[in-house]
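The chain contents come next:
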Amino acid sequence: AEAIRAGGLEVLEITLRTPSALDAIRRIRTMGGIEVGAGTVLQPSQVEEAADAGASFVVTPGLNPDVIRKAHELKLPVIPGVCTPSEVETALNLGCTTLKFFPAQPAGGVGMLKAMAGPYAHTGVKFVPLGGVNASNMGDYLALPVVAGIGGSWLASSQLIKEQNWEAITERTREAVTLAAGA
């Protein structure tokens, strides 16, 4: 988190896929200067756990109405995952206008988002593509008016974390922030 913040990003998602994820959220919240959310939220109970850990938002890989309702109940912003027009409409009907487009590249990438912008852009919907987004294609996504932001694990790969190569994470983050500013 410190390496990412040093690279210029102020928002970070910690996926709830390891036993240490909630503790990581708690620790990052004490740092200041960075918003941290919980990702890969699959169950309403995880929304509660994320809120208790201090997460500023939750992100889901799919569209789970129970998770969305729990997040709304706790007044915690939720970014549900969508991949189809039907899921976009369901999310909109559940009061969500910022949606995770996942898995972005396998689901048609920029072309799919352009196609979905046609019938949905007027609703105010914004997408956050994840899944196959990287330094080489991020500019294509960010150029779309319906894209609010992007995400990707390439910034802090598990290998770089394992190696504790914080400088490389900072450099990748700085490069992405520079590329995004030019998009």
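About the thresholds
- Residues numbered from 1 in each chain as written.
- Predicted model: local features only at pLDDT ≥ 70, side-chain atom pairs only at ≥ 80, totals over all residues.
- Heavy atoms only, no water.
- Disulfide = S-S within 2.5 Å.
- Helix = DSSP H or I, 4+ residues; strand = E, 2+ residues; numbered from the N terminus.
- Buried < 20%, exposed > 50% of the residue type's maximum accessible area, 1.4 Å probe, protein only.
- Polar contact = N/O pair within 3.5 Å; in protein donor to acceptor, adjacent residues only side chain to side chain.
- Contact = heavy atoms within 4.5 Å.
- Axes fitted to C-alpha atoms, helices over the stretch in contact; angles between N-to-C directions.
- Parallel < 35°, antiparallel > 145°, perpendicular 65-115°, else oblique.
- Left-handed = near helix turned anticlockwise from the far one by under 90°.
- Nonpolar A, V, L, I, M, F, W, Y, C, P; charged D, E, K, R; others polar.

Asker: For the state of the cysteines, give the residues involved together with the corresponding values.
Answerer: Applying the stated criterion across every chain, the model contains zero disulfides. No disulfide involves Cys-96; its sulfur sits 17 Å from the nearest other cysteine sulfur, which is in Cys-83.

Asker: Break down the side chain of Asn-137 for me, citing the residues and quoting the values.
Answerer: Of note, Asn-137 is situated in the loop between β7 (126-129) and α7 (138-142). By relative accessible area, Asn-137 is classed as buried at 11%. A polar atom in the side chain of Asn-137 sits 2.8 Å from the backbone nitrogen of Asn-134. When near neighbours in sequence (up to four residues on either side) are disregarded, Asn-137 contacts Gln-105 and Gly-132.

Asker: Before we move on, could you go through the packing of helix α3 (residues 44-53) against helix α4 (residues 65-73) and cite the residues and values that matter?
Answerer: The axes of two packed helices give the description: the angle between them and the distance between them. Contact geometry of α3 with α4 gives a least axis separation of 8 Å together with a crossing angle of 30 degrees. Taken together, the axes of α3 and α4 lie roughly parallel to each other. In this structure, the crossing between α3 and α4 has a hand that is right-handed. Contacts from Pro-44, Val-47 and Glu-48 in α3 reach Asp-66, Val-67, Lys-70 and Ala-71 in α4. Partitioning the contact of α3 with α4 into residue classes produces four nonpolar, no polar and three charged.

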